[in-house]
Amino acid sequence: RHRGRVVSIAEGGAGTAVTAALDGTIRVSSADTGVQIFAIPRHKMWLGSVCVQEDKSIMIADGRDNTVYIYDFSYASSCEGDKTE
């Protein structure tokens, strides 16, 4: 669960939803159950938006510190069920 307001949500493929929040965390959860699959914590500042490339291989987020974060998202569908906090 986010500790700050969710400011962006994207469809992550393979039945996942990707959320970014003012708590500086990106979370990937099952769109069906809401169970968190994994999180990317500790961004220095608030996150502004998150986008997953159409082919689901790249995830991009931006932060209030004028930083753009680019992640390899191609493995995300294989992580379903591997819950972390």
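Refer to the structure printed above.
Now for a look at the structure at hand. (Residues numbered from 1 in each chain as written. Predicted model: local features only at pLDDT ≥ 70, side-chain atom pairs only at ≥ 80, totals over all residues. Heavy atoms only, no water.)

Details of the sheet that holds strand E6 (residues 58-63)
Part 1 of the reasoning: A sheet is described by the order of its strands in space; here three strands give the open sequence E5-E6-E7, paired in antiparallel fashion. Of all strands in the sheet, those bounded by a partner on one side alone are strand E5 (47-52) and strand E7 (68-72). For this sheet, the mean angle separating the axes of adjacent strands, direction not counted, is 15 degrees.
Part 2 of the reasoning: Inspection of the sheet shows E5 paired to E6 by five bridges, in the antiparallel sense. Each bridged residue has a counterpart across the sheet, and for Cys51 the counterpart in E6 is Ile60. (Pairing = 2+ DSSP bridges. Helix = DSSP H or I, 4+ residues; strand = E, 2+ residues; numbered from the N terminus. Axes fitted to C-alpha atoms, helices over the stretch in contact; angles between N-to-C directions.)

Some words on the nonpolar core
Part 1 of the reasoning: Judged by nonpolar contacts, the single largest core of 15 residues is most densely connected at Val18, Ile26, Val50, Met59 and Phe73.
Part 2 of the reasoning: Elements supplying a minimum of two residues to this core: strand E2 (16-21), strand E3 (26-30), strand E4 (36-40), E5 and E6.
Part 3 of the reasoning: Setting aside chain neighbours within four positions, we find Val50 in contact with Ser8, Ile9, Ala10, Val18, Ala20, Met59, Ile60 and Ala61. (Core = buried A, V, L, I, M, F, W, Y, C linked by side-chain atoms within 4.5 Å. Buried < 20%, exposed > 50% of the residue type's maximum accessible area, 1.4 Å probe, protein only. Contact = heavy atoms within 4.5 Å.)

Concerning the pattern of salt bridges
Part 1 of the reasoning: Scanning the entire structure with this criterion turns up one salt bridge.
Part 2 of the reasoning: With a closest N to O distance of 2.9 Å, Lys56 and Glu11 form a salt bridge. Linking Lys56 in the loop between E5 and E6 with Glu11 in strand E1 (residues 6-13), this pair joins segments that are 45 residues apart in sequence.
Part 3 of the reasoning: The partly exposed category is assigned to Glu11, whose relative accessible area is 47%. (Salt bridge = Lys/Arg side-chain N within 4 Å of Asp/Glu carboxyl O.)

Some thoughts on the sheet that holds E4
Part 1 of the reasoning: Spatial strand order, E1-E2-E3-E4: four strands in an open sheet with antiparallel pairing. Unpaired on one side and paired on the other, E1 and E4 mark the two borders of the sheet. When strand polarity is set aside, the average angle formed by the axes of neighbouring strands in this sheet is 20 degrees.
Part 2 of the reasoning: As judged from the six bridges shared by E1 and E2, these two strands associate in the antiparallel manner. Note that in E2 the partner of Ser8 across the bridge is Ala20.

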